Amino acid sequence: MKKTFFIFLFLLAGLVYSIEMTGPYYKIVNEGDTINLGTIGPGQTVYIDINPQISEGGIHGIGGFYDTAEASNQPEGWKQKKSKLYGNPLHVEITAPPNAKAGEYLNTISVIDEDNKEGLGEIIFYVSVKISTEVMDMSVNPKNVEVGPGQPARFTITIDNTGGASDVFEVQGENLRQWNFKKYVYVPSKSSKTIVYEIVENEEEVYNPVITVVSTSSDLISKQDEVQIAVRSNLLNDYKATNHGTMIFPILEGPIYSFAGLISNLW
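Pairing of strand S3 (residues 34–40) with strand S11 (residues 122–131) involves five bridges; the strand directions are parallel. Pairing of threonine 39 across the sheet is with lysine 130, part of S11. Here strand S10 (residues 103–112) runs beside S11; their pairing, made up of ten bridges, is antiparallel. Bridging from a neighbouring strand, asparagine 107 pairs with valine 127 of S11.

Structural data, given as structure tokens:
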């Protein structure tokens, strides 16, 4: 009788159950399945969320909870952040190396019932990730701006994140004498974000800065666009400057500054 009971437990432990992957999208996952997580860039991170609960099976036949999940047998240079013990959901993060070459990569995911206490065993499946540097695009408007010395030249920059990983991008103007300002922008996966970036120069000259957008995950993910800034002193530029603020004193000149700003907007 005792021998039969242990054989029953051994067979039960060998059973394989399905689990629910709830992120980044919903899917029922079986042992040995391969899940496609799409395309990401070098250095970027993707995640998998797993519902730890199953509704049937286990020692008592009423299901139970898996305790942890982790990535194992990863490609060289890849990193993982395994789920918290008893997390809900079981959240696993997978990060590609910053210098990862283009191609398809497989990571192994293990979902574990610690010490097989509930008789759920271990589920192993695979996630496929494609690496490409073409996961971001950008556009800049306008291409040409004329301002007065010390006045901000404003550019509207749209960043399109076409990949499967959210990321933070660094925006910077290069090939400038004095200006060295960086702006950081978070863009969720498969979405876009528009920002205003300003460049200020004091010397009268025509500048041809290059506006660059670079992923903070890897400098292999980058785009750039050249613009032109003409810094000149003239009446119109002085009027436009009033739109960016005026001196507090004297107060009596406030209406004059406001009128000058209005004229510059209609010019």
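After presenting the structure, the write-up continues.
Looking now at the confidence of the model for the chain. Here the chain shows a mean pLDDT of 86. Residues at 70 or above account for 80%. Low pLDDT, under 50, characterises residues 1–14; the stretch is placed with seven contacts to residues that sit more than four places away or in other chains.

Volume-wise, the largest pocket comes out at about 160 Å³. Lining the largest pocket, in full, are Pro24, Tyr25, Leu37, Thr45, Val46, Tyr47, Gly164, Ala165, Ser166 and Ser189. For the lining of the largest pocket, a count of residues per class yields six nonpolar, four polar and no charged.

With that settled, consider the nonpolar core. Counting 29 residues, the largest nonpolar core has Ile19, Ile48, Ile50, Tyr66, Ile109, Val111 and Phe125 as its most contacted members. Contributing elements (two or more residues each) for this core: strand S1 (19–23), S3, strand S4 (45–51), strand S7 (68–72), strand S9 (90–95), S10 and S11. Residues within four places of isoleucine 109 in sequence aside, it is in contact with Ile48, Ile50, Glu70, Ala71, Val92, Ile94, Ile123, Ile124, Phe125 and Val127.

Procedures and definitions
- Residue positions are given per chain, counted from 1 along the sequence in the order it is written.
- Under the rules for a predicted model, residues below a pLDDT of 70 receive no local features and side-chain atom pairs below 80 are neither given nor counted, while totals for whole chains, interfaces and linings still include all residues.
- Hydrogens and water molecules were not included; the side-chain quantities draw on all heavy atoms of the structure.
- The criterion for strand pairing is that DSSP finds at least two bridges linking the strands in question.
- Numbering of helices and strands starts at the N terminus; helices are DSSP runs of H or I of at least 4 residues and strands are runs of E of at least 2.
- Per-residue confidence from the prediction method is given by pLDDT, with values spanning 0 to 100.
- Contacts between residues were defined by any pair of non-hydrogen atoms, one from each residue, lying within 4.5 Å.
- Space inside and on the surface of the protein is sampled on a 1 Å grid over the protein atoms alone, with a cavity defined as a set of points where a 1.4 Å probe fits but cannot get out and a pocket as an open set with protein on both sides within 12 Å along at least 5 of 7 lines; lining residues have an atom within 4 Å of a point.
- Grid points are joined across faces, edges and corners, and a volume is the space filled by probe spheres set on the points.
- Classification used: nonpolar for Ala, Val, Leu, Ile, Met, Phe, Trp, Tyr, Cys and Pro, charged for Asp, Glu, Lys and Arg, polar for all others including Gly.
- Here, nonpolar core means buried Ala, Val, Leu, Ile, Met, Phe, Trp, Tyr and Cys residues that are tied together by side-chain atoms lying within 4.5 Å of each other.
- Type-normalised accessible area, obtained with a 1.4 Å probe on protein chains alone, sets the label of each residue: buried when under 20%, exposed when over 50%, and partly exposed for intermediate values.

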